[in-house]
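If you want the building blocks of each chain, they are given just below.
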Amino acid sequence: MMWLTLLVLLLILATWILELWYASVFQVPFYVRGFLGQQQLEEALTGMDLVIIPAGVPRKPGMTRDDLFNINAGIVKTLCEGIAKCCPKAIVNLISNPVNSTVPIAAEVFKKAGTFDPNRLLGVTMLDVVRANTFVAEVMGLDPREVDVPVIGGHAGVTILPLLSQVKPPCSFTQKEIEYLTNRIQNGGTEVVEAKAGAGSATLSMAYAAVQFADACLRGLRGDADIVRCAFVASHVTELPFFASKVRLGRCGVEEIYPLGPLNEYERVGLEKAKKELETSIEKGVAFVKK
């Protein structure tokens, strides 16, 4: 199938990037192996410690992430069934949109297989953080590498909630700047899709964010201390079963989920909007597997 061939190519690219990083850091040889089609899926997954799932169709102008659901949901389900069978202890970085629904799909697949470990399933929302850091840096005249904006909630529209009151280094924004930044961060993906006019979605920036997050997971697996990133995970920081917030990564995946911290009135209102939207998306993912 075409989507599975595309998946294999994406997995090969992700593997090459990660192995190149590993070789540059540890000065050891690296190897790239290719696998073709569903008939080699199990061979590709067997023995893996980290699995990155970027597979799926991209957004086009006028499409929301939920419009991708019917296609990408089936892809994620198939791949997670393979993970449950071949590498049930692997840390899974799930990028396929809509993340707000595909992470619950993966969780239900793993639960059915008896392999679900909430600490090892992470929805990648790193691109929202990358955008937030970039846009805030532009407004404040800072280097984006020196900016850290916590982004909580989910990975679509109003579920993406940047906590501008908690930016590091501390910054002071006008109400107009807060509204501009929040709106642009929430709609950064749509901006890219419309700019490409049907020729694609956020590919290079997503690849950058995916490598940044995978690097953090690998350093956690290595035992490095204080590896903190935002991710969409099984969580108790709200009444929802899944939520994106800051987590500390380690040898077993998520080792600690941090509380949201103090929110201002604008962020509290945004949080309620995000939770309402997220609840529907999560239920949609769960229902897909249970139907």
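Everything here concerns the structure above.
Attention here is on the structure that accompanies the text. Predicted model only: the values in this text are computed from it and were never measured.

Here is what the cut-offs are and how they apply
- Along each chain, the written sequence defines residue order, and numbers are assigned to residues from 1.
- Confidence filtering applies because this is a predicted model: local features only for residues at pLDDT of at least 70, side-chain atom pairs given and counted only at 80 or more, and all residues used for totals across whole chains, interfaces and linings.
- Here the side-chain values reflect all heavy atoms present in the structure, with hydrogen atoms and water set aside.
- Inter-axis angles, ranging from 0 to 180 degrees, are taken between N-to-C directions of lines fitted to C-alpha atoms, where helices are fitted over the stretch in contact.
- To qualify as a helix, a DSSP run of H or I must reach at least 4 residues; to qualify as a strand, a run of E must reach at least 2; elements of each kind are numbered from the N terminus.
- Oblique is the label for every angle not falling under 35 degrees (roughly parallel), over 145 degrees (roughly antiparallel), or within 65 to 115 degrees (roughly perpendicular).
- Crossing handedness is read from the near helix: turned anticlockwise from the far helix by less than a right angle, it gives a left-handed crossing, and turned clockwise, a right-handed one.
- Residue contacts follow a heavy-atom distance rule, with two residues in contact if any of their heavy atoms lie within 4.5 Å.
- Residue polarity is assigned by list, with Asp, Glu, Lys and Arg as charged and Ala, Val, Leu, Ile, Met, Phe, Trp, Tyr, Cys and Pro as nonpolar; anything else, Gly included, falls into the polar class.
- Definition of nonpolar core: a set of buried residues of the types Ala, Val, Leu, Ile, Met, Phe, Trp, Tyr and Cys, connected through side-chain atoms within 4.5 Å.
- Remark: exposure states derive from per-residue accessible area (1.4 Å probe, protein chains only) relative to the maximum for the residue type, with buried under 20%, exposed over 50%, and partly exposed in between.
- Salt bridge, as used here, is a side-chain nitrogen of Lys or Arg placed within 4 Å of a carboxyl oxygen of Asp or Glu.

Two numbers describe how helix H3 (residues 69-86) lies on helix H9 (residues 265-290): the axes approach to 11 Å, and their chain directions differ by 60°. By the angle between their directions, the pair H3 and H9 is classed as oblique. Between H3 and H9 lies a crossing of right-handed hand. Between H3 and H9, the residues in contact are Phe-69, Ala-73, Gly-74 and Lys-77 and Lys-284, Gly-285 and Phe-288, respectively. Among the residues forming the contact of H3 with H9, the class breakdown is three nonpolar, two polar and two charged.

In terms of nonpolar packing, the biggest core is built from 42 residues, with Ile-53, Ile-83, Ile-105, Phe-110 and Phe-232 touching the most fellow members. Here this core gets nine residues from one element, more than from any other, and that element is H3. Beyond its immediate sequence surroundings of up to four residues, Ile-83 is in contact with Leu-45, Val-51, Ile-53, Pro-88, Val-92 and Phe-110. Grouped together as the second largest cluster of nonpolar side chains are 23 residues, Ile-52, Leu-127, Ile-227 and Ala-231 included.

Glancing now at the pattern of salt bridges. Taken as a whole, this structure holds 16 salt bridges when the rule is applied. One salt bridge in this structure joins Lys-77 and Glu-81, with 2.7 Å as the shortest N-O distance. Of this pair, Lys-77 and Glu-81 both sit in helix H3, four residues apart, which is roughly one turn of the helix. Owing to a relative accessible area of 38%, Glu-81 belongs among the partly exposed residues under this scheme. Among the ionic pairs, Lys-275 bridges to Glu-239, the shortest N-O distance being 3.2 Å. Note that Lys-275 is positioned in helix H9 and Glu-239 in the loop between strand E6 (227-234) and strand E7 (242-250), a separation of 36 residues in sequence. Within the structure, one salt-bridge network assembled from shared partners comprises Glu-138, Arg-184 and Glu-191.

For Thr-125, the position within the fold is in the loop between strand E3 (121-123) and helix H5 (126-140). The contacts of Thr-125, once residues within four sequence positions are left out, are Gly-154, His-155, Cys-230, Ala-231, Phe-232 and Ala-244.

Our focus in this paragraph is the environment of Gly-250. Assignment of secondary structure puts Gly-250 in strand E7. For Gly-250, a relative accessible area of 5% corresponds to the buried category. Sequence separation between Gly-250 and Leu-221 is 29 residues; the distance between their C-alpha atoms is 5.5 Å. Residues within four places of Gly-250 in sequence aside, it is in contact with Gly-220, Leu-221 and Glu-255.

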